[in-house]
Amino acid sequence: MWYLALGFYMVIGWFTPWWSFILISAGFGAGAPSAIRAARDGALSMTLAWWMLIYFLNLRGHGIVGERLSHLFGLTSYHLFIFLIGIGAGVVGAIAATMGFFIRRGMRVPVV
């Protein structure tokens, strides 16, 4: 399921703000069969999407913004900056997908 979420992230990432990724991740997490799988899929898809989007946006700006931000944070290269941002996005994606799973599980209607 992570590849479907990755496709949504890549299409929607160009037109919406960054926090829309959290809503997408929570929605896909609601459809996961377990909390572990929701967290894994959310982290994997969000990490890959952020890496790709940041890399392409950095290429579009000829690497100037990535290089300046990496120096601002005291990092040696902008590749390390992109890597760390992707890992942080993966943590956020895992939390959002797990939240979506538990919200769906908590909203289950009891069978009479």
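None of these values were measured; they are calculated from a predicted model.

Quick look at the confidence of the model for the protein chain
With 93% of its residues at a pLDDT of at least 70, the protein chain reaches an overall mean of 84. Here helix H1 (residues 2-12) is the element of the protein chain with the lowest mean pLDDT, 71, and helix H5 (residues 78-106) is the one with the highest, 90.

A few points about H5
Between the first and last C-alpha of H5 there are 42 Å, a value that for 29 residues agrees with the 42 Å anticipated at 1.5 Å per step. Listing the buried residues of H5 in full gives Phe-81, Ile-82, Gly-86, Ala-89, Gly-90, Gly-93, Ala-94, Ala-96, Ala-97, Thr-98, Gly-100 and Phe-101. Buried positions along H5 lie against helix H2 (20-30), helix H3 (35-60) and helix H4 (64-72).

Side note on the environment of Leu-69
In this structure, Leu-69 sits in helix H4. Sequence separation between Leu-69 and Leu-80 is 11 residues, and the spatial gap between their C-alpha atoms is 11 Å.

Comments concerning the packing of H2 against H3
Relative orientation of the contacting elements H2 and H3 amounts to 150°, with a least axis distance of 10 Å. Between H2 and H3, the interaxial angle falls into the category roughly antiparallel. Our pair here, H2 against H3, has a crossing hand that is right-handed. Facing Phe-21, Ile-22, Ser-25 and Gly-29 of H2, the residues of H3 in contact are Ala-38, Gly-42, Met-46, Ala-49, Trp-50 and Leu-53. Here the contact of H2 with H3 is built from residues that sort into 7 nonpolar, 3 polar and no charged.

Observations concerning H3
An ideal rise of 1.5 Å per residue puts 38 Å on 26 residues; H3 measures up with 37 Å between its terminal C-alpha atoms. Listed in full, the buried residues belonging to H3 are Ala-38, Asp-41, Gly-42, Ser-45, Met-46, Thr-47, Ala-49, Leu-53, Ile-54 and Asn-58. Count one or two residues on from H3 and you reach His-62, which has phi positive near 60°.

What counts, and where the lines are drawn
- Residues numbered from 1 in each chain as written.
- Predicted model: local features only at pLDDT ≥ 70, side-chain atom pairs only at ≥ 80, totals over all residues.
- Heavy atoms only, no water.
- pLDDT = per-residue confidence, 0-100.
- Helix = DSSP H or I, 4+ residues; strand = E, 2+ residues; numbered from the N terminus.
- Expected span 1.5 Å × (residues − 1).
- Buried < 20%, exposed > 50% of the residue type's maximum accessible area, 1.4 Å probe, protein only.
- Contact = heavy atoms within 4.5 Å.
- Axes fitted to C-alpha atoms, helices over the stretch in contact; angles between N-to-C directions.
- Parallel < 35°, antiparallel > 145°, perpendicular 65-115°, else oblique.
- Left-handed = near helix turned anticlockwise from the far one by under 90°.
- Nonpolar A, V, L, I, M, F, W, Y, C, P; charged D, E, K, R; others polar.

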